[in-house]
Amino acid sequence: MKVSRLFGIIGFVLLGFYSYAQINNSKAKMKEMNKEFSLLVRVPLSYSTEQAKAVGPEWIKVIDQWKKEGVYVYSFAFPGESHVVTGPTKSVKKETVVANNLRVVSNVILRAKGIKDVLELAKDCPVLAHGGTVEVREIPSRAAFPVEND
């Protein structure tokens, strides 16, 4: 009886050490990938809703892979209409900014060590096969722009 209790305690302690090691390993990996990057996803004006629906499963696959790798932070699409505020008169127009026949449709935030790593990840974006582009920008540290609470 005492031996089985001893083995139970030893097992519990070992499990605790294993869990502690796993948590510290995850924290170390997150520290390595301390930079966040924005992937601005653009598609051609001719890119249809049907194409977007067809590409959906490819996006799910890529995002699931990024989640497994621990690089995915979050993402969101811009499915609705947009408004543009311009100039000193601050005029407002219901329109989409188009550059080189492309419009922004979503933003993906990833975590990586540096620009080279995130550029490799950006190459997995499914819209590239459909004439889309992905603009990658580093997001400044939140510490660089502290927010004061009143």
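Owing to the predicted nature of the structure, the values given are computational and were not obtained by experimental measurement.

Asker: Could you give an account of the sheet that holds strand E5 (residues 102–112), with specific residues and numbers?
Answerer: The strands making up a sheet associate through backbone hydrogen bonding, with each pair oriented either parallel or antiparallel. Within the open sheet, the four strands sit side by side as E2-E5-E1-E6. Their pairing is antiparallel. Each having just a single partner strand, strand E2 (72–77) and strand E6 (133–139) make up the two edges of the open sheet. Direction aside, neighbouring strands of the sheet carry axes that sit 20 degrees apart on average. Sheet topology note: the strand E1 (residues 35–44)/E6 ladder contains seven bridges and is antiparallel. When the sheet's bridge partners are listed, Ser 38 is paired in E6 with Arg 137. Along the sheet, helix H2 (residues 49–69) contacts E1, E2 and E5; its crossing angle with E2, the most-contacted strand, is approximately 155 degrees.

Asker: Can you lay out the pattern of salt bridges for me, pointing to particular residues and giving the numbers?
Answerer: Tallied over the entire structure, the rule returns five salt bridges. With a shortest N-O distance of 2.7 Å, Arg 42 and Glu 135 are connected by a salt bridge. Here the residue Arg 42 occupies a position in strand E1, and Glu 135 occupies one in strand E6, the gap between them amounting to 93 residues. The exposure class assigned to Arg 42 is buried, which follows from its relative accessible area of 19%. Among the ionic pairs, Glu 135 bridges to Arg 137, the shortest N-O distance being 2.5 Å. With a relative accessible area of 22%, Glu 135 lands in the partly exposed category.

What counts as what
- Residues numbered from 1 in each chain as written.
- Predicted model: local features only at pLDDT ≥ 70, side-chain atom pairs only at ≥ 80, totals over all residues.
- Heavy atoms only, no water.
- Pairing = 2+ DSSP bridges.
- Helix = DSSP H or I, 4+ residues; strand = E, 2+ residues; numbered from the N terminus.
- Axes fitted to C-alpha atoms, helices over the stretch in contact; angles between N-to-C directions.
- Contact = heavy atoms within 4.5 Å.
- Salt bridge = Lys/Arg side-chain N within 4 Å of Asp/Glu carboxyl O.
- Buried < 20%, exposed > 50% of the residue type's maximum accessible area, 1.4 Å probe, protein only.

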